[in-house]
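One-letter residues, chain by chain:
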Amino acid sequence: NFIDRRLANDNSGELLPGSMRHRIRITDSETLRVIKEEAGFVRFEIERQLARALRQGSLNAGGVSLNGNVVSGNFFSAQPFGVVDGVDYQYTGVIRRVEAEKIRAAHDSNDVVLLTSLGMSPSGEAFNVNSESLAAGVASALNADKIVFFSKYGAILENKKSDEMIMSLRVPELRKFLEFNDVKLQGKGFAMIGNEDTKESLEPAVDDMLIKLAWSHQVLQNGVKRAHIVPPWNGALLQELYTQDGSGTLINRDVYEGIRHATVEDVAGIYELTEPLVREGILVNRSKNQIEKDVNSYYIYTRDSLVLACAQLKRY
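Note that the structure is a prediction, hence the values are computed from the model and not measured.

> Outline the overall build of the protein chain, supporting the account with residue identities and numerical values.
The secondary structure content of the protein chain amounts to 10 helices and 19 strands. By residue count, 37% of the 316 residues in the protein chain fall in the buried class. For the protein chain, the accessible area works out to roughly 18,700 Å², and carbon and sulfur atoms hold 51% of it.

Right, dumping it as structure tokens:
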């Protein structure tokens, strides 16, 4: 990333020895200076592009101005990461407090809140907070519906038997997967895969994916409903959020995809699904009232609460 490249250039092309441990950066004063510069530049670029997008799409469907802005500031405070296994992480920090109500107030005003990885302590000291840890902490504090992580390399999960991409997991499945790969989140806020030497034997894409999965598990345990891990290419986020199959990996607490008994709430979906077949004369016409009356005899296949298929099992 930008910071690694800057540190390499500032140190004769080599990273400082021991600059990363347990996948957390050891932030000395010089590294903190570089992070401040890079974070400021990236924030400006994101604000610039978001501001343009908000101006272009500032009207809702009713033609009412939304007047949204990009806002940033002290929406969270930080504290020192401290000493772990005899290593002083210096200016590396963890979340102390998230100002959830201030963020919600900004959202209520149609504003987009932009956070950087730099957090301030109550005494005004700056700390570098791991970005996955920050995203997970803020999403948990807001009790968000979902969190989206971008992977660095576009890694995917694949079923070894079928060679098919695994597009979604539930929390119990993810927990077993993390246990099998010896992935743990420590109380201090860092992820471990095996021991410190394990990282050397893992491909960077695998290492990155396992870390994102660990943080996804953490936020889902804290009440967030869904976590997405999206590849870093153009259009991937839109594809993930607005298409049925998405572009990455979805982890969810509830049933995202499966077959179940229909309920009254599914009547409209069943009707919309069968109505084109009724027009073609393939199915017998059934009104919504009739479907509701017989709803206990229907089974539906859903994905993200959308009815994709249905069947009626009726005894005569």
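Let's pick the thread back up.
> Which residues make up the pattern of salt bridges, and what are the values?
A complete count under the given rule lists 13 salt bridges for this structure. Linking Arg33 and Glu30 is a salt bridge whose minimum nitrogen-to-oxygen distance equals 2.4 Å. Pair noted here: Arg33 and Glu30 are both in helix α2 (residues 29-56), with a separation of 3 residues, about one helical turn. For Arg33, a relative accessible area of 33% puts it in the partly exposed group. Its relative accessible area of 37% is what places Glu30 among the partly exposed residues. As a salt-bridge pair, Glu47 and Arg43 come within 3.8 Å of each other at their nearest N and O atoms.

> Let's hear about the environment of Trp233: which residues, and what values?
If you trace the backbone, Trp233 turns up in the loop between β15 (226-230) and α8 (236-242). With a relative accessible area of 49%, Trp233 lands in the partly exposed category. For the pair formed by Trp233 and Phe150, sequence separation is 83 residues and the distance between their alpha carbons is 9.3 Å.

> Give a description of α2 that names residues and reports values.
Turn by turn, an α-helix covers 3.6 residues, leaving residues three or four places apart pointing in a common direction. Taking 1.5 Å per residue, 28 residues should reach 40 Å; α2 reaches 41 Å between its end C-alpha atoms and fits that length. Burial in α2 covers these residues: Thr31, Leu32, Val34, Ile35, Glu38 and Ala39.

> For the nonpolar core, give the residues involved together with the corresponding values.
What tends to happen in soluble globular proteins is that the nonpolar side chains get buried as a cluster. Grouped together as the largest cluster of nonpolar side chains are 25 residues, with contacts concentrated most on Ile147, Leu174, Val183, Leu213, Val219 and Ile251. Secondary structure elements with two or more residues in this core: α4 (131-142), β11 (146-150), α5 (171-180), β14 (191-193), α7 (204-221) and β15. Examining the composition of this core, we find that 8 residues originate from one element, α7, more than from any other. With sequence-adjacent residues up to four places away left out, Leu174 is seen in contact with Leu169, Leu213, His217 and Ile251. Counting 13 residues, the second largest nonpolar core, distinct from the first, contains Ala78, Ala100, Leu134 and Leu142.

> Could you give me a rundown of the pairing of strand β7 (residues 92-98), with the residues and numbers involved?
Across 5 bridges, strand β4 (residues 76-80) lies against β7 in antiparallel orientation. Counterpart to Ala78 in the pairing with β7 is Ile95. Note: β7 against strand β10 (residues 126-129), 2 bridges, orientation parallel. Paired with Thr92 across the bridge in β10 is Asn128.

> Let's hear about the packing of α5 against α7: which residues, and what values?
Contact geometry for α5 and α7: axes closest at 10 Å, N-to-C directions at 135°. Judged by the inter-axis angle, α5 sits oblique to α7. Between α5 and α7 lies a crossing of left-handed hand. Residues Val171, Leu174, Arg175, Phe177 and Leu178 of α5 touch α7, and the partners they reach there are Leu210, Leu213, Ala214, His217, Leu220 and Gln221.

> Requested: an account of the packing of aromatic side chains, with residues and values cited.
The geometry of two aromatic rings is summed up by the distance between their centres and the angle between their planes. Under the definition given, this model contains 2 aromatic pairs. On the basis of an interplanar angle of 55° and a centroid distance of 4.7 Å, the ring pair of Phe81 and Tyr89 is categorised as tilted. Look at Phe81 and you get buried, because its relative accessible area is 1%. You can call Tyr89 buried: its relative accessible area is 0%. Seen from their ring centres, Tyr91 and Phe127 are 6.5 Å apart, and the 40° between their planes marks the pair as tilted. With Tyr91 in the loop between β6 (87-88) and β7 and Phe127 in strand β10, the pair connects residues that are 36 residues apart, well separated along the chain. Note on Tyr91: relative accessible area 26%, which makes it partly exposed.

Thresholds, definitions, all that
- Residues numbered from 1 in each chain as written.
- Predicted model: local features only at pLDDT ≥ 70, side-chain atom pairs only at ≥ 80, totals over all residues.
- Heavy atoms only, no water.
- Helix = DSSP H or I, 4+ residues; strand = E, 2+ residues; numbered from the N terminus.
- Buried < 20%, exposed > 50% of the residue type's maximum accessible area, 1.4 Å probe, protein only.
- Areas by Shrake-Rupley, 256 points an atom, 1.4 Å probe, with all protein chains shown as cover.
- Salt bridge = Lys/Arg side-chain N within 4 Å of Asp/Glu carboxyl O.
- Expected span 1.5 Å × (residues − 1).
- Core = buried A, V, L, I, M, F, W, Y, C linked by side-chain atoms within 4.5 Å.
- Contact = heavy atoms within 4.5 Å.
- Pairing = 2+ DSSP bridges.
- Axes fitted to C-alpha atoms, helices over the stretch in contact; angles between N-to-C directions.
- Parallel < 35°, antiparallel > 145°, perpendicular 65-115°, else oblique.
- Left-handed = near helix turned anticlockwise from the far one by under 90°.
- Phe/Tyr/Trp six-rings, centres within 6.5 Å; stacked < 30°, edge-to-face > 60°.

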